Every structure is written in C-alpha cells, then in structure tokens.
Amino acid sequence: MKSVVDILDLSVSEVDELLDTAMDIIENPAKYAEVCRGKKLATLFFEPSTRTRLSFEAAMYELGGNVIGFSSASSTSASKGESVADTAKVISCYADIIAMRHPKEGAPFVASKNASIPVINAGDGGHHHPTQTLADLLTIKREKGHFSGLTVGFCGDLKFGRTVHSLITALCRYENINFVMISPDELKLPGYVKNEIPQGRGFTYTETTDLEAVMPTLDILYMTRVQQERFTDIDEYLRLRDAYILNPEKLATAKKDMIILHPLPRVNEISVAVDADPRACYFKQVQNGKYMRMALILKLLNDVKCGKTEDKEQGDVYLYDFKCDNPRCITTTEQELRQVFRVVSPENRICRCVYCDTKKNY
Ligand code: NCD
C-alpha cells in the first residue's frame, strides 16, 4: 500500500506524472468528473486547517467521490485516548483513502503503518507537508517553467515551517539551485533539512537575516508565517513575529519576473498592498493545490486498483534502545509505540528517529 507521508515517498518521475495529470485536469476537467465515483476520502484533521482540508474535500468531490471526516480532535475518540494506530485501523473499514493532519510529528507515518488504505500526510507538527509542496511545485512549473537554475529565497519561520522543509527536500532532487535562507537566528532551518542539500550538482546555500540585501538576486521569494502554535515560550514568539513584513517598497529592487509564494494563512508578513502586484502568486498556489491533490488521490487509488505496493527500503540499520527527545514526536503520546531509530551515519554514530527525524548520537 503506497502512502505519501514525506515528499520523498514520490519519485521524481511520479512527481512529474502528477504535474502532468494536474495540467490535464486543468485543461479537461470533464474527463475527471466521475473517475472516483463510489470512493470515499476520510479527512482526519486533528489540527486546525482551512485550505488544506477544504482543498482535499473539493478535490475528491471534483473527481466524483465522497468525503467523510472531522476537523478537530475534540470531536473524536482521540479525546477519549484512542491511539493513532487504532484510528487508522478503524477508518480503513469506512474509507478508501485517508488525508491526515496531526500536531504530533510522525503521526501520519504511524497511521500509514496501521491502515490498510493509502494515507496522505496533510501536515504533521513542524515536520512535513508534502501536498503543499505539490501545490508549490505546480505553481513554480506554471509560472517559471522549470525547477533547475533558480535562486529561491525562504523567509520567516524556517525552523517550524513544515512547508519550507518539504519544498527544500523536493527541490534538492533537481540541480543548480541557490537556496537563500532569510530568518532570525532563532528560526533557522533545522539541521535535518539542511543536511539534505547536496554539496555538488550546482547547489549553493546562504543564510542571512537581511531580506532587502538579497531581494535583487531572487527568482522566487517564499514567505512564511511565524508558527505561533509551535512555540513553548510566548515571549519569544512576540519578539520574532514581526521580523519580516513584505511591502511594495521592499519589492522595488526585486526582479520583474520574481514570484512571491506563501502557503497561507498569512498573518501580517505580506502586506495586503502586495496582492495587486503581478508577482504575487499565493492565491494561484491555493488553486494549484486543489489540482495536485486531485492528481494525487487519483494516482494512489489507481495504484491500489493495480495492486501496487510500497517500495521497501533495503539495507537500512535500525536501533531500538533510545528515547526520542523531541517533545512534538508521536512517540511521546502514542500508546505502546516502539521507539525506532535509523542509522544515518555509522562513521559519526548518528541515527534519526524514524517518526520525526530527530537526530541522536549513539
Ligand atoms: C501551512 C501549514 O499548515 O503548515 N498552511 C497550509 O497548509 N497551507 C502554513 C501555515 O500554517 O503557516
């Protein structure tokens, strides 16, 4: 059973295939209007969402399918103490595919290991958000025509911004990309994402706190919201939340064909005056998100029909004796979930939690 928990669960050719399907859906919507007739999508949203949940629902309806689900953990058996594993087993009896959002990092991975239907990660804590990445990739493809050879600036909360983590991971599979990371020191990109950026193949990586200094170099500016809900110290959030506010004046030195992306919701990091600028593409991103989710649902249900199974990883070494130190990891709340670490660097004795990617020395 193939699930999509991390964008790397899709190969580059599968991403290309999804981009092609989405383009075909845009051009020929009637062709797809009945393709999921009789199928049910379960939207299990344990954390607030407007566009991701409604985008999944709209996607399934436009494919002719139906939707069941919930939009808050308080109305579910999770509030009675049910595990993610049990919820996944139960929902597998009612639906054909699951889209899950959860505050704990690794929860959709646990669901995918226990469900008998495909699971799509719709955002897990500050970890991954692969379907937002699919929306971002379609927007970049439609606006810029290609992924390689671009200078991409990510600005704001790069520590907790899961959409940033998944998009960087996806772009690392192309070549000649200059990443420019613009954030306060406290909100820098986590090591587990930074380490994925290739040393060769034309990749460069720069960190700065100064948005205006790098503005003229950028082909894409990906703005993000400071993720209030992931802070343990509210004073730190209040100190950092206004670090970057994009306005028309700051865009004066930007390239004429630069595009501005933002996964939304925006708080105040892009002033409303920027919306009228032709470079502002964040509402197009929302539209593209629905097409890519349609393409993904269709692909995963077709894979089930064709009996395709998950590609098993070969040769990995696992360790079971450590405890994950990340307070947002699903292992801190899920009953009887075995701690598992994958050895990623035997020479440096480094392993990573298979659920949330937190690094540990052994
Ligand atoms: C993002 C998310 O949930 O991570 N929103 C989205 O899915 N479009 C970004 C955010 O919440 O800031």
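**What to know about the domain arrangement of the chain**
- Domain boundaries assigned for the chain yield domain 1 (7-128 + 286-305), domain 2 (130-283) and domain 3 (318-361).
- The straight-line distance from the C-alpha centre of domain 1 to that of domain 2 is 25 Å.
- Between domain 1 and domain 2, the residue contacts involve 32 residues of the former and 28 residues of the latter.
- Regarding the contact of domain 1 and domain 2, the summed buried area is about 2,600 Å², with carbon and sulfur atoms giving 62% of it.
- Residues arginine 162 and glutamate 47 are paired through a salt bridge, measuring 3.3 Å at the closest nitrogen-oxygen approach.
- Along the contact surface separating domain 1 from domain 2 lie 13 residue pairs in polar contact (both at pLDDT 80 or more).

**Comments concerning the sheet that holds strand β12 (residues 350-353)**
- If you walk across this open sheet you meet the four strands as β10-β11-β12-β13, and the pairing is antiparallel. On the outer flanks of this sheet lie β10 (318-319) and β13 (359-361), each paired with one strand and no other.
- Relative to strand β11 (residues 341-345), β10 runs antiparallel, the two being bridged by two bridges. In the strand pairing of β11, leucine 319 is matched with phenylalanine 341.

**Here's the deal with the sheet that holds strand β9 (residues 259-261)**
- With respect to topology, five strands assemble into an open sheet ordered β7-β6-β5-β8-β9, the strand pairing being parallel. Where the open sheet ends on each side, the last strands, each with one partner, are β7 (204-208) and β9. Across the sheet, the mean angle from the axis of one strand to that of its neighbour is 15°, orientation sign disregarded.
- The pairing of strand β5 (residues 151-155) with strand β6 (residues 178-182) spans five bridges and is classified as parallel. Bridging across to β6, cysteine 155 finds its partner in isoleucine 182.
- Strands in contact with helix α5 (residues 130-144) are β8 (220-223) and β9; relative to β9, the strand with the most contacts, it is inclined by about 170°.

**Section: helix α2 (residues 51-62)**
- Taking 1.5 Å as the rise per residue, α2 with 12 residues should run 16 Å; its terminal C-alpha atoms sit 16 Å apart, in good agreement.
- Here α2 has its buried residues at Thr52, Arg53, Ser55, Phe56, Glu57, Ala59 and Met60.
- Buried residues along α2 sit in contact with β1 (40-45), β2 (66-70), β3 (97-102), β4 (119-124), α5 and α10 (282-305).
- Glycine 64 sits one or two positions beyond α2 and adopts a positive phi of about 90°.

**Looking at the packing of aromatic side chains**
- Taken as a whole, this structure holds 10 aromatic pairs when the rule is applied.
- On the numbers, 5.1 Å between centres and 80° between planes, the contact of phenylalanine 46 with phenylalanine 70 is edge-to-face. Residue phenylalanine 46 is found in the loop between β1 and α2, and its partner phenylalanine 70 is found in strand β2; the two are separated by 24 residues along the sequence.
- Considering the side-chain rings of phenylalanine 109 and tyrosine 355, the 5.7 Å spacing of their centres and the 65° angle between planes classify their relative orientation as edge-to-face. Residue phenylalanine 109 is located in helix α4 (residues 107-114), and its partner tyrosine 355 is located in the loop between β12 and β13; the two are separated by 246 residues in the primary sequence.
- Owing to a relative accessible area of 22%, phenylalanine 109 belongs among the partly exposed residues under this scheme.
- Ring-pair connections join several aromatic residues into one group, and the members of that group are Phe154, Phe179, Phe203 and Tyr222.
- Sitting over the ring of phenylalanine 56, arginine 293 keeps its end group 5.1 Å from the ring centre.
- One cation-aromatic arrangement involves arginine 338 over tyrosine 320; the distance from NZ or CZ to the ring centre is 4.1 Å.

**A short note on the site of the ligand**
- Taken together, the residues surrounding the ligand are Arg51, Thr52, Arg101, His129, Gln132, Arg162, Thr163, Arg225, Gln227, Pro263, Leu264 and Pro265.
- Separating an oxygen atom of the ligand from a side-chain N or O atom of arginine 101 is a distance of 3.1 Å.
- Starting from 310 Å² of accessible surface for the ligand in isolation, the protein chains cover 95%.
- If you map the ligand onto the pockets, it falls in the second largest pocket.
- Looking at the shell around the ligand, the elements with two or more residues in it are α2 and α6 (162-171).
- Class assignment of the residues belonging to the shell around the ligand gives a composition of three nonpolar, five polar and four charged.
- Counting contributing residues per domain, the shell around the ligand is built from domain 1 (7-128 + 286-305) and domain 2 (130-283), each supplying no fewer than three.

**Let's talk about α6**
- Within α6, 10 of the 10 residues are buried, leaving the element largely enclosed by the surrounding structure.
- Every buried residue of α6 is listed here: Arg162, Thr163, Val164, His165, Ser166, Leu167, Ile168, Thr169, Ala170 and Leu171.

**Some details on the pairing of β1**
- Of all six residues in β1, five are buried; the element is thus mostly enclosed.
- Alignment of β1 against β2, held across five bridges, turns out to be parallel. Bridge assignment links lysine 40 to a residue of β2, and that residue is asparagine 66.
- In this view, the connection linking β1 to its parallel neighbour β2 by way of α2 has right-handed handedness.
- Judged from the five bridges that link them, β1 and β3 form a sheet pairing that is parallel. When the sheet's bridge partners are listed, phenylalanine 45 is paired in β3 with arginine 101.

Cut-off values and rules
- Residues numbered from 1 in each chain as written.
- Predicted model: local features only at pLDDT ≥ 70, side-chain atom pairs only at ≥ 80, totals over all residues.
- Heavy atoms only, no water.
- Domains from an automatic or database assignment.
- Contact = heavy atoms within 4.5 Å.
- Buried area = accessible area lost by both parts, 1.4 Å probe.
- Salt bridge = Lys/Arg side-chain N within 4 Å of Asp/Glu carboxyl O.
- Polar contact = N/O pair within 3.5 Å; in protein donor to acceptor, adjacent residues only side chain to side chain.
- Pairing = 2+ DSSP bridges.
- Helix = DSSP H or I, 4+ residues; strand = E, 2+ residues; numbered from the N terminus.
- Axes fitted to C-alpha atoms, helices over the stretch in contact; angles between N-to-C directions.
- Expected span 1.5 Å × (residues − 1).
- Buried < 20%, exposed > 50% of the residue type's maximum accessible area, 1.4 Å probe, protein only.
- Phe/Tyr/Trp six-rings, centres within 6.5 Å; stacked < 30°, edge-to-face > 60°.
- Lys NZ or Arg CZ within 6 Å of the ring centre and 35° of its normal.
- Near = heavy atom within 4 Å.
- Areas by Shrake-Rupley, 256 points an atom, 1.4 Å probe, with all protein chains shown as cover.
- 1 Å grid on protein atoms, 1.4 Å probe; cavity = no way out; pocket = protein on both sides within 12 Å on 5 of 7 lines; lining within 4 Å.
- Sits in = over half its atoms within 2 Å of the grid points.
- Nonpolar A, V, L, I, M, F, W, Y, C, P; charged D, E, K, R; others polar.
- Right-handed = clockwise from strand over helix to strand, strands pointing away.

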